[in-house]
Amino acid sequence: MRSFEPGGCAVVVGASGGIGGALVDALGDDPIFDSVFAWARSFEPSIHGKLRRIRVDITNEASIAAAATQIGLPLRLVIVATGALHGGVIGQPEKTYRALDADALLESYRINVVGPALIARHLLPILSPRGRSVFAALSARVGSISDNRAGGWHAYRASKAALNMMLRNLAIETSRRTPETLCVGLHPGTVDTGLSQPFQRNVAAGHLFTPAISAAHLLSVIDGLRREDSGSVLAWDGTTIPP
Ligand SMILES: NC(=O)c1ccc[n+]([C@@H]2O[C@H](COP(=O)([O-])OP(=O)(O)OC[C@H]3O[C@@H](n4cnc5c(N)ncnc54)[C@H](OP(=O)(O)O)[C@@H]3O)[C@@H](O)[C@H]2O)c1
């Protein structure tokens, strides 16, 4: 990660997830960061070398605020790798509007939009204003409105589209005071995790990334970000996904 000044710290939210865990591993191996904070709701707090595991529930703002106070400065990189497509209150992704359910919609928004927004609220103010800093959230190509030709997955698509708008807003606001702070959405590709597992049948051979490969691509995209990318959603290969 040569675009960052050495000696800072990084935070990965959703570090218990497939991609989040791989991002923590990769950042832990990168000498540019002195410490890596791994947040997840299931973690017991612990310290191993430069890795600090902290229990954070992104649906509980007080827990985000408390975790933010534990971050050593300067904070240079935040990656929000939480997200939900199915399971629990959300159930299965809708194939038709007849399956729309208020509780499932609200839960999708709570996890995919409100959580990342609250993380931004508490971490953007402490991102280092000196040198490059990045706030990135994992979005999805299916959150693109103009690229939507297949339909379906109403709650997931709509919540990721809302996340993309939130990121654009954050980018505009931060650019006014700290132009070196970039806010982006990232599409990780189709990755072999619990989130994609029920839908992998339709993935063409050779198009399913391991979490480690996806994490390497995503960190390379973050490293190559230009100021004009802030507010956009970029895919794993660095291409911009249309809004
Ligand atoms: N995998 C793909 O093919 C793919 C494609 C496009 C976009 N993405 C996006 O990439 C991101 C990471 O997904 P993944 O594939 O790594 O999925 P994953 O393995 O299921 O990880 C999801 C992460 O989100 C956390 N999470 C889920 N529900 C939560 C809740 N209610 N409160 C707090 N944390 C919650 C999980 O925590 P627990 O471990 O505690 O459940 C876990 O850390 C998501 O935003 C997803 O939309 C993935």
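Please refer to the structure higher up on the page.
Residues numbered from 1 in each chain as written. Predicted model: local features only at pLDDT ≥ 70, side-chain atom pairs only at ≥ 80, totals over all residues. Heavy atoms only, no water.

Caption draft 1: Spotlight on the overall build of the protein chain. Per the secondary structure count, the protein chain includes five helices and 11 strands. Against the compact-globule benchmark of 18 Å for 243 residues, the protein chain has a radius of gyration of 17 Å, which places it among compact chains. Along the longest, intermediate and shortest principal axes, the C-alpha atoms of the protein chain span 50 × 40 × 35 Å. By residue count, 49% of the 243 residues in the protein chain fall in the buried class. (Helix = DSSP H or I, 4+ residues; strand = E, 2+ residues; numbered from the N terminus. Rg over C-alpha atoms; globule rule 2.2 N^0.38 Å. Buried < 20%, exposed > 50% of the residue type's maximum accessible area, 1.4 Å probe, protein only.)

Caption draft 2: View of the site of the ligand. Surrounding the ligand, one finds 24 residues, the nearest of these being Ser-16, Arg-41, Thr-82, Tyr-156 and Thr-193. Between the ligand and the protein, one listed contact pairs an oxygen atom with a backbone N or O atom of Gly-14 at 3.2 Å. In the environment of the ligand, an oxygen atom lies 2.6 Å from a nitrogen or oxygen atom belonging to the side chain of Ser-16. For the ligand, the protein covers 85% of the area, taking 890 Å² as the surface of the free molecule. For the shell around the ligand, the elements supplying multiple residues, two or more each, are α1 (18-29), α4 (154-177) and β8 (190-191). (Near = heavy atom within 4 Å. Polar contact = N/O pair within 3.5 Å; in protein donor to acceptor, adjacent residues only side chain to side chain. Areas by Shrake-Rupley, 256 points an atom, 1.4 Å probe, with all protein chains shown as cover.)

Caption draft 3: A look at the environment of Pro-188. Of note, Pro-188 is situated in the loop between β7 (181-187) and β8. Residue Pro-188 is classed as buried on the basis of its relative accessible area, which comes to 8%. A sequence separation of 47 residues divides Pro-188 from Ala-235, and the C-alpha atoms of the two residues are 6.3 Å apart.

Caption draft 4: Quick peek at the layout of surface pockets. In this structure, the second largest pocket occupies an estimated 240 Å³ of space. Lining the second largest pocket are 14 residues, and of these Ala-161, Asn-164, Met-165, Arg-168 and Pro-243 lie nearest its centre. When residues of the lining of the second largest pocket are assigned to their parent elements, the largest contribution, four residues, is made by α4. Partitioned by chemical class, the residues of the lining of the second largest pocket number seven nonpolar, six polar and one charged. (1 Å grid on protein atoms, 1.4 Å probe; cavity = no way out; pocket = protein on both sides within 12 Å on 5 of 7 lines; lining within 4 Å. Points joined across faces, edges and corners; volume = space filled by probe spheres on them. Nonpolar A, V, L, I, M, F, W, Y, C, P; charged D, E, K, R; others polar.)

Caption draft 5: Expanded view of the packing of α1 against helix α5 (residues 211-223). At their nearest, the axes of α1 and α5 sit 8 Å apart, and the two run at 65° to each other. By crossing handedness, the relation of α1 to α5 is classed as right-handed. Contacts from Gly-18, Ile-19, Ala-22, Leu-23, Ala-26 and Leu-27 of α1 reach α5 at Pro-211, Ala-212, Ser-214, Ala-215, Leu-218 and Leu-219. Grouping the constituent residues of the contact of α1 with α5 by class yields 10 nonpolar, two polar and no charged. (Axes fitted to C-alpha atoms, helices over the stretch in contact; angles between N-to-C directions. Left-handed = near helix turned anticlockwise from the far one by under 90°. Contact = heavy atoms within 4.5 Å.)

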